[in-house]
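# Structural overview
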Amino acid sequence: MAQERLQQTDDLVALAQRATLAAARRVAAGKVSPVEETKARVAEAAARIELNQARADLVTTRKRLAATWGSTQPRFTQAEGRTEALPTLLSDDALASRLETAPALRRWRHEVERLKAQAELEKAKRIPDMTVSVGAKRAEDLGRNQAIVGLSIPFPVFDRNQGNLLEALRRADKARDELRAAELRLGADATQNQERLKALLADVQTLQQEILPGARSAYDAATKGFELGKFSFLEVLDAQRTFFQARAQYLKSLSDAHRTASELERVLGAITSPSSMMADRP
């Protein structure tokens, strides 16, 4: 977006220069007061200041981008991309499907199943294991060997594994609660970003199709009318201000739409660690 802003401010400076030139011609022809030219030059100077700020922002943004891959200086002159290509809005069914398979929720479901299995294991430990023994013994009175089969079953009088079982059940219950909380939290975040993206896309389309063309047409008409002596320069400045504000709002809405779409993708694809559960685990 920093590149787009620089391009926009460069275009605005060119428009301001055009207005200044028109004012200078009318002053030289004695048709308007020199004050009109002064106003035009002030407007052009303001546009140049914004252009310098846009250049500085672009330098900072390029360095920040280069830092993401470990470079101290950007080794490129321009980032490729179509910023005006609007993000795709997910349908309600697609959003629900993405939420259902979100890695964060899959992680929680696996944790719930793991703790559930652990609780079942602790429950099984309450039942003592039987020991079967087989042997032979010499019966002297009968004068032959006899087979002996033994069966040993310990009685869990003092240890029924109740403590470990209760702890495992508690962790499993907590994991289910955390899963439900994660489902609600991700669902709310996804819905919020989806609705925000929907509103921003509507704003961008309105600006693209209606506001920007109208503001540009009004500015061109005011500038041409001023050159022909039909409008005052104040009317040119007003049309210029309206057009500049519309361009700035368009870039802001477009930038916000891309950021919101990225945030929605993060919500649907992020993996969060169940830290509270890990802290409770022995």
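The present account deals with the structure reproduced in this document. Note on numbering: residues in each chain are counted from 1, in written sequence order. For this predicted model, a pLDDT threshold of at least 70 governs which residues receive local features, and a threshold of 80 or more governs which side-chain atom pairs are given and counted, while totals over whole chains, interfaces and linings are taken from all residues. Values reported for side chains reflect all heavy atoms of the structure, with hydrogen atoms and water molecules removed beforehand.

### A word on the pattern of salt bridges
For salt bridges, the criterion is a side-chain nitrogen of Lys or Arg within 4 Å of an Asp or Glu carboxyl oxygen. Taken as a whole, this structure holds 20 salt bridges when the rule is applied. Note that Asp173 and Arg176 form a salt bridge whose closest N and O atoms lie 2.3 Å from each other. Taken together, the residues Asp173 and Arg176, both in helix 5 (residues 162-227) and three residues apart, mark about one turn of the helix. On the basis of relative accessible area, Asp173 is assigned to the partly exposed category, the value being 38%. The closest approach of N and O atoms between Arg196 and Asp256, which form a salt bridge, is 4.0 Å. Placement of Arg196 in helix 5 and of Asp256 in helix 6 (residues 233-269) is noted, with a sequence separation of 60 residues between them. In this structure, a network of salt bridges that share partners links the residues Glu100, Arg109, Arg180 and Glu183. The helix count covers DSSP runs of H or I at least four residues long, the strand count covers runs of E at least two residues long, and both are numbered beginning at the N terminus. Between buried and exposed lies partly exposed: a residue is buried under 20% and exposed over 50% of the maximum accessible area for its type, with that area taken using a 1.4 Å probe on protein chains only.

### Observations regarding the packing of aromatic side chains
Note on ring pairs: Phe, Tyr and Trp rings are taken, using the six-membered ring of Trp, and paired if centres are within 6.5 Å. Classes follow the plane angle, with under 30 degrees stacked, over 60 edge-to-face and the rest tilted. Counting across every chain of the model gives two aromatic pairs. Relative to Phe243, the ring of Tyr219 lies with its centre 6.1 Å away and its plane at 15 degrees, an arrangement referred to as stacked. Here the residue Tyr219 occupies a position in helix 5, and Phe243 occupies one in helix 6, the gap between them amounting to 24 residues. Residue class for Tyr219 comes out buried when judged on its relative accessible area of 0%. Arranged with centres 6.3 Å apart and planes meeting at 50 degrees, the rings of Phe243 and Phe244 form a pair that is tilted.

### Observations regarding helix 2 (residues 34-67)
Given a rise of 1.5 Å per residue, 34 residues ought to cover 50 Å, and the 50 Å separating the end C-alpha atoms of helix 2 matches this to within 8%. Those residues of helix 2 not exposed but buried are Glu36, Glu37, Ala40, Ala43, Glu44, Ala47, Leu51, Ala54, Leu58 and Ala66. By this rule, a helix spans an expected 1.5 Å times one less than how many residues it contains.

### Some remarks on the environment of Leu95
With respect to the helices and strands, the residue Leu95 is situated in helix 3 (residues 92-100). Residues Leu95 and Gln194, spaced 99 residues apart in sequence, show a C-alpha to C-alpha distance of 8.6 Å.

### Things to note about the nonpolar core
Leu15, Tyr219, Phe226, Phe233, Val236, Phe243 and Tyr250 are the most contacted members of the largest nonpolar core, which totals 25 residues. Taken together, the elements giving at least two residues each to this core come down to helix 1 (2-28), helix 2, helix 5 and helix 6. Per element, the largest residue contribution to this core is nine residues, and it comes from helix 6. Residue contacts are counted whenever heavy atoms from the two residues lie within 4.5 Å of one another. When near neighbours in sequence (up to four residues on either side) are disregarded, Phe233 contacts Ala19, Glu36, Lys39, Ala40 and Phe226. By convention a nonpolar core is built from buried Ala, Val, Leu, Ile, Met, Phe, Trp, Tyr and Cys residues, the set being connected through side-chain atoms within 4.5 Å. Counting 17 residues, the second-largest nonpolar core is a separate cluster that includes Leu95, Ala102, Ala175 and Ala190.

Shape descriptors only; they carry no functional weight alone.
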